[in-house]
Each structure stands twice: as structure tokens, then as C-alpha cells.
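Coordinates in review
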Amino acid sequence: MNRDGAWGRRDLLKGSLAVGGLAGLQGCAPSVKSAATVPPRGVSLVPMRMSVDEIIDVKCCIRPFRPQGPRLDAEQIGDTLVIHNYGHGGSGWSLSWGSAEIVVGKAMTVLPKEIAVIGCGIIGLTAAVVAQRAGAKVTIYARDQLPRTRSFRANGSWTPDSRISLTEPAGAAFGDLWEQMARISWKNFRTYLGLPERPVEFSDQYGLSDGPIRSEGEGRVPDATARGSFATTGMPQQKGEFGHYSDRIRDIVPQSETVSAEENPFGVAHVRRTSMMHFNFGSYGHLLMSEFFQQGGRFEMRDFHSPADVATLREKVVINCPGYAGRDLWRDKTIIPVRGQTGWLVPQPEAKYGLYYAGVSVLSKSDGVMMMHTSSTLGDMEGVGNSLELPDRVPIEEGVKIIAPIFDRLRGARA
Ligand SMILES: Cc1cc2nc3c(=O)[nH]c(=O)nc-3n(C[C@H](O)[C@H](O)[C@H](O)COP(=O)(O)OP(=O)(O)OC[C@H]3O[C@@H](n4cnc5c(N)ncnc54)[C@H](O)[C@@H]3O)c2cc1C
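Residues numbered from 1 in each chain as written. Predicted model: local features only at pLDDT ≥ 70, side-chain atom pairs only at ≥ 80, totals over all residues. Heavy atoms only, no water.

Some points on the pairing of strand β8 (residues 270–279)
To keep it simple, the criterion reads: When accessible area is computed with a 1.4 Å probe and restricted to protein chains, residues below 20% of their type maximum are described as buried, those above 50% as exposed, and intermediate ones as partly exposed. The secondary structure listing takes helices from DSSP runs of H or I that are at least 4 residues long and strands from runs of E that are at least 2 residues long, numbered from the N terminus. Each pair of strands is called paired provided DSSP finds at least two bridges between the two strands.
In terms of residue burial, β8 counts as a mostly covered element, since 9 of its 10 residues are buried. Inspection of the sheet shows strand β6 (residues 200–209) paired to β8 by 10 bridges, in the antiparallel sense. Among the inter-strand pairings, Val200 is bridged to a residue of β8, identified as Phe279.

Topic: the pattern of salt bridges
For clarity, the threshold we go by: For salt bridges, the criterion is a side-chain nitrogen of Lys or Arg within 4 Å of an Asp or Glu carboxyl oxygen.
The final tally for this structure, using the stated rule, is 25 salt bridges. As a salt-bridge pair, Arg49 and Glu54 come within 3.2 Å of each other at their nearest N and O atoms. Judged by its relative accessible area of 34%, Arg49 falls in the partly exposed class. Owing to a relative accessible area of 16%, Glu54 belongs among the buried residues under this scheme. Here Glu397 and Arg393 are joined by a salt bridge, their closest N and O atoms 2.6 Å apart. With Glu397 and Arg393 both in helix α8 (residues 393–414), this residue pair falls 4 residues apart, about one helical turn. One continuous salt-bridge network, built from bridges that share partners, spans Asp176, Glu179, Arg183, Arg248 and Asp251.

Quick look at the pairing of strand β12 (residues 353–357)
Of all the 5 residues making up β12, 5 are buried; the element is thus mostly covered by neighbouring parts of the structure. Residues Tyr353, Leu355 and Tyr357 point to one face of β12 and Gly354 and Tyr356 to the other, with burial holding for every one of them. With 5 bridges joining them, β6 and β12 adopt parallel strand pairing. Each residue of the ladder has a partner; that of Gly207, found in β12, is Tyr356. Alignment of β12 against strand β13 (residues 360–365), held across 4 bridges, turns out to be antiparallel. If you follow Gly354 over to β13, its bridge partner there is Leu363. Between β12 and the antiparallel strand that follows it, β13, lie 2 residues; Ala358 among them carries a positive phi value of about 50°.

Brief notes about the confidence of the model for the protein chain
Short version of the rule: pLDDT expresses, on a scale from 0 to 100, how confident the predictor is about each individual residue. Residues are treated as being in contact if the distance between any of their heavy atoms lies within 4.5 Å.
Put simply, the protein chain has an average pLDDT of 86, and 81% of its residues get 70 or more. Across residues 1–36, where pLDDT falls below 50, the model places 29 contacts with residues more than four positions away in sequence or in other chains. Taken together, the stretch residues 224–234 has pLDDT below 50 and engages in 33 contacts with residues farther than four places along the chain or on a different chain.

Side note on the environment of Gly282
As for its position among the elements, Gly282 is in helix α5 (residues 281–294). Since its relative accessible area comes to 38%, Gly282 is described here as partly exposed. Once you skip the residues sitting within four places of it in the chain, Gly282 turns out to touch Phe152 and Asp367.

Some details on the site of the ligand
Inclusion rule: Here, proximity means that at least one heavy atom of the residue falls within 4 Å of the molecule or strand. Here a polar contact is taken to be a pair of N or O atoms separated by no more than 3.5 Å, where protein atoms must pair a possible hydrogen donor with a possible acceptor and residues adjacent in sequence count only if both atoms sit in side chains. Under the convention used here, a 1.4 Å probe and the Shrake-Rupley method define accessible areas, while residue burial counts only the protein chains that appear. Polar here means any residue other than Ala, Val, Leu, Ile, Met, Phe, Trp, Tyr, Cys and Pro, which are nonpolar, and Asp, Glu, Lys and Arg, which are charged; Gly is therefore polar.
Neighbouring residues of the ligand: 37 residues in total, closest Gly89, Ser94, Cys120, Ser151 and Ser157. Note that an oxygen atom of the ligand is positioned 3.1 Å from one of the side-chain N or O atoms of Asp144. At 2.5 Å, a side-chain N or O of Ser151 approaches an oxygen atom of the ligand. Computed on the free molecule, the ligand has an accessible area of 1000 Å², of which 98% lies beneath the protein chains in the complex. Secondary structure elements with two or more residues in the shell around the ligand: β1 (55–65), α2 (92–107), α3 (122–133) and β11 (336–345). Broken down by class, the residue content of the shell around the ligand amounts to 13 nonpolar, 17 polar and 7 charged.

A look at the sheet that holds strand β4 (residues 114–118)
Condition: Axes here refer to lines fitted to C-alpha atoms; in helices the fit is confined to the stretch in contact. Angles between the N-to-C directions go from 0 to 180 degrees.
Taking strand neighbours across the sheet as the criterion, the 6 strands line up as β2-β3-β10-β4-β5-β9 in an open arrangement whose pairing is mixed. The two strands at the open ends of the sheet, each matched to only one other strand, are β2 (74–77) and β9 (298–301). Each neighbouring strand pair of the sheet contributes to a mean axis angle of 25°, computed without reference to strand direction. Taken together, the 4 bridges between strand β5 (residues 137–142) and β9 define a ladder with parallel strand orientation. When the sheet's bridge partners are listed, Thr139 is paired in β9 with Arg298.

Describing the sheet that holds β12
Strand pairing in a sheet takes place through backbone hydrogen bonds and is either antiparallel or parallel in direction. The mixed open sheet is built from 8 strands, whose spatial order is β1-β11-β14-β13-β12-β6-β8-β7. In this open sheet, the two strands that pair with only one neighbour each are β1 and β7 (257–258).

Now the structure itself:
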């Protein structure tokens with residue numbers, strides 16, 4: 001048992017093996033540990049406090065979605081080489097390192113001593129750090145530093161193929177590029193595991209359903225699996241399905257497993273469990289900003305209004321990471337807004353897991369319990385084409401009410 005009085009993964013695994021083993025060896029295995037002494041894994045989860053009084057914040061944000069996938073090409077403006085790095089949809093945190101390696105690789109072909117990065121969201125900041133690691137002197141120019149960017153209003157889980165493309169305009173070649181970005185990113189995140197303040201960590205995610213869970217995706221948090229036909233989203237000029245590529249990296253990313261009836265304390269018929277990586281914004285963001293400044297990075301607050309503005313910079317190699325704002329700055333109408341919002345409840349570090357049920361997901365992170373409610377009127381598909389960035393507390397309150405009974409049952413199962 002760990003410090004919080006909850007059973008750790010290894011204890012629980014032992015528990016489930018003991019319980020499973022006992023079933024097969026009834027009455028003939030005196031050496032097998034008694035099931036009564038080993039609580040089923042699910043029962044040992046600390047129930048989350050789920051009340052509207054625990055809500056401390058509701059954040060709204062726009063995903064910068066491009067049907068053809070992120071823009072990573074280079075463009076010459078006068079004597080300035082601009083390499084674009086925007087349009088990462090619902091996958092920007094997850095693909096940031098891979099995307100950064102690709103664009104910095106393009107920048108380094110002209111061997112610049114100095115590089116300018118426009119934007120200090122997760123895409124700009126990781127590009128800046130990777131450019132420093134490649135030996136360049138880097139200045140970030142942006143309206144805001146990371147904690148004030150749209151990136152900080154995301155969910156912050158490993159969701160590398162969430163709203164990243166439409167299968168048709170992106171084409172088969174994008175799958176290869178995606179895989180390259182995902183694998184590089186995954187490797188980089190591994191170096192941030194096991195650190196103080198837990199910038200990046202894994203936790204168990206439970207997918208709960210009253211009916212059978214038919215696919216891997218159904219039991220996972222909705223942001224990891226946004227599916228559907230784009231033609232039904234109010235943007236009829238775009239056709240096709242959201243691109244899904246995660247099967248390509250099954251060899252490195254944990255897959256989900258069915259939770260047995262003995263282990264299931266939630267009072268719903270079907271449960272799947274998976275280990276999922278997430279990013280704790282406060283500590284991870286702080287670590288990245290510190291690394292950038294320690295390596296001699298400079299930050300300058302600037303507001304650009306056009307590509308010509310960008311070409312006036314002293315640096316003649318620029319990595320352009322404006323996120324959704326690229327739609328105005330670069331007049332790039334291929335960027336489509338996909339609205340989303342998260343609710344935040346008081347941090348509950350004693351509960352170290354996440355759960356998804358009936359369109360509501362909760363994830364206990366170090367900076368708070370994050371909630372998304374996608375079955376509401378502001379659900380997944382309704383967000384497409386919506387650039388209204390006003391938070392709406394109502395769906396989050398509804399989400400609390402939908403999911404609170406699950407934790408009541410968990411409390412009951414532990415009593
Ligand atoms: C609800 C929600 C949940 C999400 N969950 C996840 C998740 O779990 N996992 C995941 O991987 N992704 C997730 N995403 C997606 C992710 O948040 C985005 O892909 C990512 O934030 C994009 O980052 P960015 O750096 O490109 O843009 P931004 O964060 O918007 O940063 C843009 C930067 O450019 C600067 N800038 C813009 N225009 C100008 C200008 N004209 N002049 C000067 N500076 C400028 C801004 O100040 C800012 O610094 C989620 C998104 C939403 C909305």
C-alpha cells in the first residue's frame with residue numbers, strides 16, 4: 001500500500017492474480033493467498049470529490065485544425081526563410097517534440113547562428129528548445145508566454161491523433177509523417193518521466209459503459225478518440241473522416257484491457273482500463289521555460305500583423321508557431337477552429353487516475369481534476385467551425401452531476 005492508503009499498481013496486480021488464480025484452484029491450493037486479504041484493484045481507488053462547489057475554473061480554447069494536417073513547409077519572404085509549424089488540432093501537446101524536430105531540421109539546412117520563433121505556446125516553446133539543442137541562439141517573439149496561451153487551456157493528455165487531419169485531404173503520406181512525429185515525441189516525453197513535481201506521468205484511465213464496449217476507442221477519454229464524419233459538422237465544404245493513426249504505434253503505447261467483474265467497483269456493466277500519459281501544465285511548462293532561459297534563450301513580447309512584419313526581424317530564419325492565430329496572421333483559411341472546453345476542480349492528489357463515463361471524462365492532475373463533457377450541446381462535433389471562445393460553466397456542472405454517482409458507488413464499494 002502506498003502513502004495515501006491506496007494500493008499501488010503492483011499490489012493490485014498481485015491482488016488480481018491472486019483472485020484469478022484462486023478461482024481456478026478452488027479448494028486445492030492452500031499456499032495461494034486468501035482473496036479476503038487482497039482487495040480487488042478497483043476497490044482501492046480513492047473516490048474523487050465530485051461536487052459543483054469543487055469547480056475552480058472553466059477554460060475554453062480553440063483547436064487549430066487543418067484537414068490536411070499541420071503546416072510544416074518552408075517559405076521565403078524577402079531575405080527571410082520562414083518555416084511554418086502550426087495547425088496541430090487536438091494533438092499539439094502530444095506531437096510537439098516530433099513536429100519541432102522536423103521544422104528545426106529544415107531551419108538548420110542553412111546553418112543559422114540565430115533563429116527566431118514566433119509563438120510561445122507548446123508548439124513554439126518546444127521548437128525553441130529543440131533549436132537550442134541543435135546549437136542555435138534563439139529568441140521567442142510572441143504576444144504571450146506559455147501560461148497565457150491557448151495551449152494552457154487544453155486537457156493535456158497523450159492524444160496524438162485527436163483532430164489532426166481528415167483522411168482525404170491529408171492522404172496516405174501524412175500517416176508516415178504523423179508516425180515520425182509521434183515516435184519522436186513519445187521518446188522525448190520519456191525523458192520527463194520520474195522527475196520531481198511530475199511534469200509528465202502515467203495514470204490508469206477507466207472507460208465505463210452501461211453497454212458493451214465494442215472498440216478500443218470507446219473505452220478511452222473522448223479527446224483521444226474524436227471520431228466522426230466532418231460532413232455532418234456544419235462545414236459542408238469539407239468531407240471525410242478524422243484521420244486516426246494510433247494503430248501505427250501500438251508497439252510503444254499501452255493498450256486497454258477489460259476489467260473483470262470482481263475488480264469492477266463502479267456499478268456499471270462494462271469497464272476497460274488503460275495506462276495513459278498526461279502532462280501537468282504547471283510543472284511541465286515551468287520546466288520547459290526554465291530550460292529555454294537557462295540555455296540563453298530570449299523572450300520578446302511582440303504583436304505581428306502580417307508576414308511582412310515577420311520579415312523585419314533581425315533573424316533571417318524564423319519558425320512560425322502562431323497556432324489558431326495563423327488564420328489571421330498568415331491569412332491561412334485552411335485553419336478551422338474546433339472549440340473545446342475543460343472544467344477544473346480542486347486538485348485531489350490522493351486520487352491518481354482518470355475515468356470516462358457517458359460523455360464525461362475526469363482526470364486527476366497535479367494542477368486540478370480536469371473535466372471534459374462532450375455529450376453536452378458543446379460536444380465534440382459541435383465545436384467544429386466554432387470560434388467562440390467564451391467558457392460555459394453549465395456543461396461542466398451537468399458533467400459533475402452525471403459522474404458523481406459513480407464515485408458514490410465507489411465509496412460504497414470501499415466501505
Ligand atoms: C479543449 C482542448 C483540449 C485539448 N487537449 C489536448 C490534449 O489532451 N493533448 C494534446 O496533445 N493536445 C490537446 N489540445 C490541442 C492543443 O492544445 C493545441 O494543439 C496546441 O495548444 C496548439 O499550440 P500552439 O502552440 O500551436 O498554439 P497556441 O497555444 O495558441 O500558441 C500560439 C502562440 O503564438 C502567439 N501568437 C499568435 N499570434 C501572434 C501574433 N500575431 N503576434 C505575436 N504572437 C502571436 C501567441 O501569443 C502564443 O504564444 C486540446 C485543445 C483543446 C481546445
